[in-house]
Amino acid sequence: GKAYALAVSDGRLYVGTDRGTIHCFGKNAAPTAASTSRQKPSAKPDERSTLFQQAAQDALAAAKTDQGYCLVLGAGSGRLAREIAERSRFRVIGVEPDPEKVDAARKMLTDARLYGNRVVIHHGPIDGLPYQKRFANLIVSEESLVSGKLPSAADIYRVLRPAGGVVAIAAPKDSKSVESLKKWAAKVLAGWTVEKRPSGLLLGTAIRGPLEGAGEWTHFYADPGNSACSRD
């Protein structure tokens with residue numbers, strides 16, 4: 001295989017290859033090889049597997065991008081976070097107030113070789129999110145998908161990226177969920193709409209517009225006249 005990573009320690013050279021193998025070369029011993037490659041375990045299918053898969057696909061379709069930061073409010077089992085990570089290049093941050101669910105989700109994602117790089121689960125409250133403003137390209141919720149319970153909408157606008165950040169909250173299809181979703185963010189997120197997706201789920205979405213007073217940088221030097229001024 002091709003050598004992708006090199007390290008030297010205690011008189012030995014370690015070489016990681018694109019075949020998932022780490023070779024160790026030593027002066028006084030024949031080269032050895034230890035394979036680290038293994039098939040990534042798939043999620044165990046159950047009655048909710050299709051639900052998480054459909055919700056992830058609907059959220060990614062609404063986002064119209066597959067990279068950036070995705071925030072999962074009420075991360076629960078971590079399975080929605082996993083489905084999004086496996087279908088995109090998003091770095092996924094889950095927030096869950098229940099410490100037992102946090103531990104279980106971290107273990108599942110670690111076993112799936114996703115935890116720590118592509119996905120992290122933070123233990124903390126969903127209200128008063130401890131993150132910098134305007135960072136999330138996509139915001140979803142596993143809690144709303146599983147139970148229909150909606151997180152607080154008050155802090156979402158603060159952490160949502162301007163000029164294209166998407167909120168995509170899925171919920172089970174019933175009359176109560178329809179009314180709850182319609183009212184949930186109507187006063188907080190401009191353009192909030194609720195629709196029934198082909199998957200059968202209800203999906204509430206909103207796209208954040210540009211910041212007030214924002215300009216544009218559409219060419220190499222800002223505009224066709226090369227003014228190098230965005231007029232922010």
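Bear in mind that the values here come from a model prediction, so they are computed numbers and not experimental data.

### Some points on the pattern of salt bridges
Turning to step 1, where the next piece is worked out: Taken as a whole and judged by the stated rule, the model has seven salt bridges.
Turning to step 2, where the next piece is worked out: The salt bridge involving K107 is made with D111; its shortest N-O contact spans 3.1 Å. Of this pair, K107 and D111 both sit in helix 3 (residues 99-111), four residues apart, roughly one helical turn.
Turning to step 3, where the next piece is worked out: Notably, a salt bridge pairs R197 with E195, separated by 3.5 Å at the nearest N-O pair.
Turning to step 4, where the next piece is worked out: Residue E195 is classed as partly exposed on the basis of its relative accessible area, which comes to 39%.
Turning to step 5, where the next piece is worked out: Connected through shared salt-bridge partners, D58, E195 and R197 make up one network.

### A short note on the nonpolar core
General note: in soluble globular proteins, nonpolar side chains tend to be found buried as a group.
Turning to step 1, where the next piece is worked out: Of all hydrophobic cores here, the largest spans 31 residues; its most connected members are I84, V92, L138 and V140.
Turning to step 2, where the next piece is worked out: Ranked by residues supplied to this core, first place goes to helix 1 (residues 49-63) with seven residues.
Turning to step 3, where the next piece is worked out: Among all residues touching L138, those that are not within four sequence positions of it are A59, L60, A63, Y69, C70, L71, F90, V166 and A168.
Turning to step 4, where the next piece is worked out: Within the second largest apolar cluster, 24 residues are counted, among which are V95, I139, A185 and A206.

### Overview of the packing of aromatic side chains
Turning to step 1, where the next piece is worked out: In this structure the tally under the stated criterion is four aromatic pairs.
Turning to step 2, where the next piece is worked out: Ring geometry for Y131 versus F135: centroids 5.6 Å apart, planes at 55°, classification tilted.
Turning to step 3, where the next piece is worked out: Note on Y131: relative accessible area 14%, which makes it buried.
Turning to step 4, where the next piece is worked out: Accessibility expressed as a relative area gives 12% for F135, which makes it buried.
Turning to step 5, where the next piece is worked out: Between F220 and Y221 the ring centres are 4.8 Å apart and the planes differ by 85°, which places this aromatic pair in the edge-to-face class.
Turning to step 6, where the next piece is worked out: Judged by relative accessible area, Y221 falls into the partly exposed class, the value being 44%.

Rules and cut-offs
- Residues numbered from 1 in each chain as written.
- Predicted model: local features only at pLDDT ≥ 70, side-chain atom pairs only at ≥ 80, totals over all residues.
- Heavy atoms only, no water.
- Salt bridge = Lys/Arg side-chain N within 4 Å of Asp/Glu carboxyl O.
- Helix = DSSP H or I, 4+ residues; strand = E, 2+ residues; numbered from the N terminus.
- Buried < 20%, exposed > 50% of the residue type's maximum accessible area, 1.4 Å probe, protein only.
- Core = buried A, V, L, I, M, F, W, Y, C linked by side-chain atoms within 4.5 Å.
- Contact = heavy atoms within 4.5 Å.
- Phe/Tyr/Trp six-rings, centres within 6.5 Å; stacked < 30°, edge-to-face > 60°.

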